[in-house]
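Observations on chain architecture
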Amino acid sequence: MTITQSGGAIFKIVGFSFFLIAICSANLVSARTATDVHQNLSSVEKEQPNMTVKGKVTDMAGDAISGVAVSVKGTTTGTITNYYGQYSLDIPVAGKILVFSFDGMITQEEVLDARTDINVKLARKRVDNDETIATELGIQRDKKTLACSIQQVSGEEIMKSKDINFMNSLSGKIAGLEIKKSSSGVGGSTRVVLRGVKSLSQISEPLFVIDGVPIVNRKGIQPDMWGGIDEGDGLSQINADDIESISVLKSSNATVLYGSQGANGVVMITTKKGQDGKTSICFSSSTIMERVIKTPELQFSYGSEGGSNESWSYTKGNYASNYVNDFFQTGSTLINTVSVSGGNNKTTAYFSYGNTSAAGVIQNNKYQKNNVTFQQSTKLLDDKLTIRSNVMLTTEKVENRNTAGYYLNPLTGLYLFPRDKNFDLYKDNYQVFNKDRNMYLQNWFSNDQFQSNPYWIINKQPKEDLTKRVIASVTVDYDITKCLSFQARLSYDFAEKSYEQKFFAGSNPINVSGNGRWSYKKYNDEQTFSDGMFTYQNKFNNVSITGILGANYQQSNFGKGVSVDSKTIALRYPNEFYFQNLPSNVLIQSTALGKLTRMGLFGNAQIGYKEMIFLDLSGRNDWTNALSGQGNDSYFYLSAGMSLIVSRMIEFPRFVSFSKIRISNSRINNDVTYNTIAQLRAANGADGISQSAQNLFVDPKPEKLNTWEFGSSWEFFNGRLGFDLTYYNVETSNVLVSRVSPGSGYAAIYENSGKIRNKGIEFILTATPVKSSDFDWETNVNFYKNTNRVVELFSGNSYVSKDFGASEGYYPVTYSGGTIGDLYGYKFLRNASGQIILDDITGALRKTANVEYMGNLEPDFSLGWNNRFSYKRFSLNFLINAKMGGKCFSQTEAMLDGYGVSKRSADARDNGGVQINAIKGTTSVNKIDEKLYYTTVGNRNGIAEAYVFDRTNIRLSQLALSYDFSMKKLNLPIKAASFAIVGQNLFFLYKKAPFDPELTMSTDLNNQSLDNFNVPATRTFGFTIKISL
Amino acid sequence: MKTIAYLFLTIFFLTACSNQFEEANTNPYEITEESLHQDFNHIGAYYPSLLGNIFGHQIEENLVAESFCDYMATPTRFVGGINNTTYYIRWNIYWDRIYGALMAPANQVIKIADGGGYTVFSSWAKLIQIMGMSRLTTYHGPVIYSNYGSSESVVKYDSEPDLYNKFFTQLDEIQAVFAANKTYVGMNKFDASYGGDVTKWQKFVNSLRLRLAIRISKAAPALAKIQGEKAIADPAGLITANSDNMTISLYGGKLYLSVICFEWDDTRMSAGMESFLVGLKDPRIGKYFQPATDDKVYNDHPAFPYKGIRNGASLVAKDDHTAFSKINESFKTITKRNYLAASEVYFDLAEASLRGWIGAGDAKTNYEKGIKASFEDWGAGGVDTYLADETSKPIDYVDPKYDGVINCFKSRSTVTVKWNEADAKELKLEKIITQKWIAGFFNPNEPWADFRRTGYPKIPTVYKNDSNSDWGVIPQGEWIKRMPFVNSERTGNVAGIADATIKLGGPDNIATRLWFAPDKANF
């Protein structure tokens, strides 16, 4: 779908918003009356006497709020409410308006008229309405002045999903952010792409930042068509309970101060802090269950013949089917966090301990995590100096993440098992004693590369991944003068990781030696980040100026350690897994996966005129070692943005409360991946040296991202309705590409020759259609559409493609002029009238001579619809996520068909063949033998067209029902308590594919929307209790 | 004070601008060029990897040449039983190995060698390229060679005649360099094949030239004769003793054939091998294979407890045939593999003498020397009895697992071992090529080429022929002729493939004969 075509969809949303306006206007009478009163006041103000006003402040549910600041607008007169929410204030003569403000609530103003009792109900603040927002480097800015798109999600919102990896809970809540969860079960990684894939060598993942400081989110190995296990990422190690809010800085304009690493946007995590004057202890506990939604549609009525591995008998039987569902268990996740926070006006502190333990839907997939977080902030030297420190400690243990792909995957054997055989024999006795070897070996009916005994795999190939991590930072703020301040930060992120898998003797001989196999690696990821910057803030008449000048230095050293994998080389003695049991021809490797040094000098100026026009200018120079030695290691870039608060320039009708137009442009440069440009020469296991036979890349350049963004935000009816529309165009040039061209003389040629364009629209609609004392409805729609185009790949060469994991029937290949995610494959060979051509002699189905285009693996657009209903103390949330358009590919279904175990292969047998519009020679054929059909179309490398499915899916991805107890009435030593029932991924409203395309095999660039015996999607449901003391 | 300390710390980090950028961008666990100069590793250390990539693995070799020349067969129903072995092409990737792991790195090595004036090493690398490419061309026909390394957008293939001419010219150059450096010792440390003995490499160059000359002897008889006679006449001589065999070390790795057979259980002796070796009472059978593990399967010849699987067999369960003969256990511990052995040279000489090439010697002598060399190489006894056998003939094959019809065949061959001077040239050639095929066991490239060129040995057809118009139809009673051009080239080098198809002289499918194996009489 092109941008023009998507206009239709936008029009529908705009239409919907007008519908909402109509609903809202019915509820707006009270607001309008207040404004009217305000306007009529000028005539009476002089008559107003000096007086005392008192009253009570409560929340919408009627509970008193203590500590609310009550002040007279424009004066220094003020007070705070007492424990019972009461206040009393002497009003000076000039006082016109009373302001009630409280953290977390919407500030309310009351016009002073003749009243002496003014009771106020404060509404909970919606995150979207926040006035300030954390921007780059942790700088708090007035959201209205920003020249580019930033979206924020509260910690509370994140907690609703109770996912171990907090990023998964952002799906559908941020326009422009595509999130895919790994199918690897508990402790799996997450694929995060902001505004499309912009590079071919890097994964276009945004930078993750905690309180202004970048953290490491390095992914390990990912599975592919042939197998493998996800090695997780760095995000799951963060305790979601520590998160106050997350803001997503989508445009590189907003992230220019982070330099290259912010080129794909920034996910800015703000953590909870201790609060002045309020000591509170908070305990939260969640219990979540997880169930597989649906396994593939299998048949259990036809078995195998003659001992064949395939179930292609034509004799109908009735075979056991329960073993498939019995293989999956109900998973569970328990998350408990206790936090203590408090402080005085000099020092605040926050401490939390979190414990997570989970079991996946496949036996022995387990997860254990412990988090300790400590934060403090102290003000010194007449409050001019603030020192903050933050320490996060994590230990994480993940056992047996789920596999995907052909090899060593329990699901191949489980699904393909010949139906006439008795599975229980293998389930209970997955190992049998072998007299010849005097040891237990695997018990399975066949020696087949693709299948093993599923119970053997989950019991006798144990994998354990351990991470110990510390993220520590210290920040110093010093107010030099009233206008000038200095901040310096230092942070250290260190993780020790180990991955170990033991494969016992008797495992599949394709992958494991007869004495077993040991795969082990242990390495450290280390990153030091430091920066220092001066901030100048001043206001001259109508002009406000904020200027930042700073520098940072960052050093990362990833993957330094040791790695060994004996693969099929026999261990010296069976089933002993350590170094001294390795034979001499197993290569033990010292590893260094990336060492980067980046430095930057940056400056930013924001100039505001009359709170109407804001101009934002940034510049940065980077030095990076990834491009060193070639003269391109230092590069400078700029960004500029402007925002116009139109509602302050033009008198709009009263229902328009706010309007802004923004435009920005940034030109950011991105370095290339570590060690790309060097000639690699490594000692191999075969008494020699292997050399990467690539061309010498003598002139590497940084990739250039040129981002244009235009946006406009509007709010109506005092913020009851609002929308934000953004159009962006990101053009990456100098894209690093490596091409394989057998004739070139090199195994690979590196060039900075690519050009990729991503343009898209983000539309965010927020509305409060109903707002009354008891009942609120807040709704929020995030629409996102990205159009990716690879304008150019290689210069002047006919090998014009880039492959994203092509294997078997699945060819995700992009050509010059194509799109990342283009899927090719063999189609049915058809004649001009569309009939499938059968082979003249054998009658087999023919396929096209070459692979042909079959669609794109990315959706046309995404839609998230988030709702919150609150009635008194109840609140109900639901989120509907939709991915519209695009294709996905199931190699699983191809295999199930080829093996005759799919339900459709049995249906065809029941029906005596497959209906087909085909031609053999000159004879039309309308029915074909099902075995001939499915064994040629299915299995491996058959006719891919038959296994390409529509990716469109709409789901209820989140549902939460919560209740806030009224503690005041209960007279317990508890400040607040709430109970919530939460569910994730509950059901599909629409889905055509036989698997969940949003559950990804791989979280890197390759193998997208591919299913090859991935663990099926799951739904979760459970409850959360939260108590504050 | 603490504050100031923090400030200083930060400033320190800010100003600690590293001057060692380049060093930081280098993986410390990779070998630097400087370090590699020690012991001259910068030139020699790449050769094991180059040589190690000449032979293929399961899907490059076993499921192509090794199956098509009927050495090994599979009990496994790969992809529902419709695959390369039944003439429906699923795997075709030898090309990738040759270009990615041999041609490209060899080119770099040639540059290093030329740059440092190491002419012997340069010639050695070029020779290794020919060793690989002369195999690859027997798969596809035209390949990229003279234009290799071109920056043109369309890289054109060499026609087969051009390719062989180029090989011969290069062999002239290589031999000249070797001849001028007979006592060069630089290769000693790096050469697992001949320990750096240049004179042995010279013999190999001549023997390779002879192999290629014989290969094109029907397609270009005049050129073949010139080149063959040149090889024979070269003073450095040919490989005429097993001690001079050109072998490639496994460099600590396992023999693929052994992995596929013992670890994956995916190969067994072929029915063709059973038919010839049992029929001709060949003592080498016990050196090549293990007896079948189920004594019922060889009821038809209990004296020879071996059983093979028909190539392109109709299969039901894998277990049906896993009791059949595996390769000999000794393959598990083998450390090197013949690329070109003395026996092949003798058989080439025998054929050369039939073709009247000067210096080839007597056909009978060469034929018998070839068989003797093979027996010696395999450590088999009883060669004299074998050579004298004029009655034993290849036997018919029965698949004991099925109904007595499926997979069975009547031997097309009635060849015997004993040389008979009175035989017609055609029969003599059949004997020579049949023996060359037996001797060449587990080195299937040349035997598959010989079969397509001469029609010998008279191996059975595949039982199950799934060829169709997707990859080309092989008529019943016929055999596969070649492998199609690879998919990456079909889609990535469209113009190059169009040109190559013209040079191929027929459609790019498995039924088009290659130039070296024309459809005409052997004499």
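Residues numbered from 1 in each chain as written. Chains lettered and ligands numbered in written order. Predicted model: local features only at pLDDT ≥ 70, side-chain atom pairs only at ≥ 80, totals over all residues. Heavy atoms only, no water.

1. Description of unusual backbone geometry
The residue after Tyr 456 of chain B, namely Pro 457 of chain B, is reached through a cis peptide bond having omega -5°. The phi dihedral of Phe 717 of chain A falls on the positive side, at around 50°, and the residue is not glycine. Following the sequence through the fold, Phe 717 of chain A ends up in the loop between strand S35 (703-716) and strand S36 (721-741). The class of Phe 717 of chain A is buried, set by a relative accessible area of 10%. (Helix = DSSP H or I, 4+ residues; strand = E, 2+ residues; numbered from the N terminus. Buried < 20%, exposed > 50% of the residue type's maximum accessible area, 1.4 Å probe, protein only.)

2. Considerations on the environment of Ile 93 of chain B
Residue and element names in this part refer to chain B. By the secondary structure assignment, Ile 93 is in the loop between strand S1 (72-73) and helix H8 (94-116). In this structure the C-alpha to C-alpha distance between Ile 93 and Ser 488, which are 395 residues apart in sequence, comes to 9.7 Å. Not counting residues up to four positions away in its chain, the partners in contact with Ile 93 are Ile 59 and Glu 60. (Contact = heavy atoms within 4.5 Å.)

3. As for the interface of chain B and chain A
Taken together, the contact between chain B and chain A spans 77 residues of the former and 89 residues of the latter. Interface area, chain B with chain A, both sides summed: about 6500 Å², of which 54% is carbon and sulfur. Connecting chain B to chain A are 3 salt bridges. In this structure, Glu 310 of chain A and Arg 77 of chain B form a salt bridge, with 3.0 Å as the shortest nitrogen-oxygen distance. Listing elements by their share of the side of chain B that touches chain A, those giving two or more residues are helix H1 (2-15), helix H2 (21-24), helix H3 (33-36), helix H5 (47-52), H8 and helix H21 (487-492) of chain B. Here the side of chain B that touches chain A gets 9 residues from one element, more than from any other, and that element is H8 of chain B. Its residues assigned to classes, the side of chain B that touches chain A comprises 36 nonpolar, 25 polar and 16 charged. (Buried area = accessible area lost by both parts, 1.4 Å probe. Salt bridge = Lys/Arg side-chain N within 4 Å of Asp/Glu carboxyl O. Nonpolar A, V, L, I, M, F, W, Y, C, P; charged D, E, K, R; others polar.)

4. Quick word on the packing of aromatic side chains
Two numbers describe a pair of aromatic rings. These are the distance of the centres and the angle of the planes. Residues and elements named next belong to chain A. Following the criterion strictly, the structure yields 96 aromatic pairs over all chains and no others. Centroid distance Tyr 415 to Phe 1013: 5.9 Å. Interplanar angle 35°. Geometry classified as tilted. One end of the pair, Tyr 415, is in helix H6 (residues 410-416); the other, Phe 1013, is in the loop between strand S53 (1010-1011) and strand S54 (1018-1028), and 598 residues separate them in sequence. Judged by its relative accessible area of 1%, Tyr 415 falls in the buried class. (Phe/Tyr/Trp six-rings, centres within 6.5 Å; stacked < 30°, edge-to-face > 60°.)

5. Description of a nonpolar patch on the surface
Residue and element names in this part refer to chain A. Residues Tyr 871, Phe 874, Leu 961, Phe 965, Leu 970, Leu 972, Phe 979, Ile 981, Phe 1023 and Ile 1025 make up a contiguous nonpolar surface patch of roughly 870 Å² in combined accessible area. Among the elements of the structure, strand S50 (953-965), strand S51 (976-991) and S54 are those that each provide at least two residues to the nonpolar patch. Along the chain, the position of Leu 961 falls in strand S50. (Patch = residues over 30% accessible without salt bridge, like charges linked within 9 Å, V, L, I, M, F, W, Y side chains within 5 Å. Areas by Shrake-Rupley, 256 points an atom, 1.4 Å probe, with all protein chains shown as cover.)

6. Focus on the packing of helix H9 (residues 119-140) of chain B against helix H11 (residues 198-215) of chain B
Residue and element names in this part refer to chain B. Viewed as axis vectors pointing N to C, H9 and H11 meet at an angle of 25°, and their least axial separation amounts to 12 Å. With respect to H11, the element H9 is oriented roughly parallel. By crossing handedness, the relation of H9 to H11 is classed as left-handed. The residues of H11 that touch H9, namely those facing Trp 124, Leu 127, Ile 130, Met 131, Ser 134, Thr 137 and Thr 138, are Trp 201, Phe 204, Val 205, Leu 208, Leu 212 and Arg 215. Looking at the contact of H9 with H11 residue by residue, the classes come out as 9 nonpolar, 3 polar and 1 charged. (Axes fitted to C-alpha atoms, helices over the stretch in contact; angles between N-to-C directions. Parallel < 35°, antiparallel > 145°, perpendicular 65-115°, else oblique. Left-handed = near helix turned anticlockwise from the far one by under 90°.)

7. Examining helix H22 (residues 494-504) of chain B
Residue and element names in this part refer to chain B. Buried within H22 we find Gly 496, Ile 497, Asp 499, Ala 500 and Leu 504. One side of H22 holds all its buried residues, which, seen down the axis, span an arc of 160°. Residues of H22 that are exposed and point more than 90 degrees away from the buried face comprise Val 494 and Ile 502. On its buried face, H22 sits against H9 and H21. Taken from the residues just after H22, Gly 505 is the one with a positive phi, measuring 80°. (Arc of directions from axis to C-beta.)

8. Quick notes on the confidence of the model for chain B
In regions of low pLDDT, the predicted coordinates are not meant to be interpreted in detail. Residue and element names in this part refer to chain B. Summing up the model confidence of chain B, the mean pLDDT is 93 and the portion of residues at 70 or higher is 95%. Segment residues 12-19 is flagged for pLDDT under 50; beyond a separation of four residues in sequence, or across chains, it makes 15 contacts in the model. Scoring the predicted complex yields pTM 0.88 and, for the interface, ipTM 0.88. (pLDDT = per-residue confidence, 0-100.)

9. Some points on the environment of Thr 403 of chain A
All names here are of chain A. Relative to the elements of secondary structure, Thr 403 occurs in the loop between strand S21 (385-399) and H6. Judged by relative accessible area, which is 10%, Thr 403 ranks as buried. Considering only alpha carbons, one finds Thr 403 and Asp 907, 504 residues apart in sequence, at a separation of 30 Å. Look past the residues within four positions of Thr 403 in its chain and what remains in contact with it is Gly 228, Ile 229, Leu 408, Asn 409, Pro 410, Phe 1013 and Val 1015. A polar contact is formed between the side chain of Thr 403 and the side chain of Asn 409, at a distance of 3.4 Å. (Polar contact = N/O pair within 3.5 Å; in protein donor to acceptor, adjacent residues only side chain to side chain.)

10. Focus on the pairing of strand S25 (residues 484-503) of chain A
Residue and element names in this part refer to chain A. When you tally the buried positions in S25, you get 14 out of 20 residues, the bulk of the element. For strand S24 (residues 463-479) and S25, the ladder comprises 17 bridges, and the chain directions are antiparallel. In the sheet register, Asp 477 faces S25, and the bridge partner there is Gln 487. Taking the residues that link successive antiparallel strands as the turn, the S24-S25 hairpin has 4 residues. For S25 and strand S26 (residues 517-540), the ladder comprises 20 bridges, and the chain directions are antiparallel. (Pairing = 2+ DSSP bridges.)

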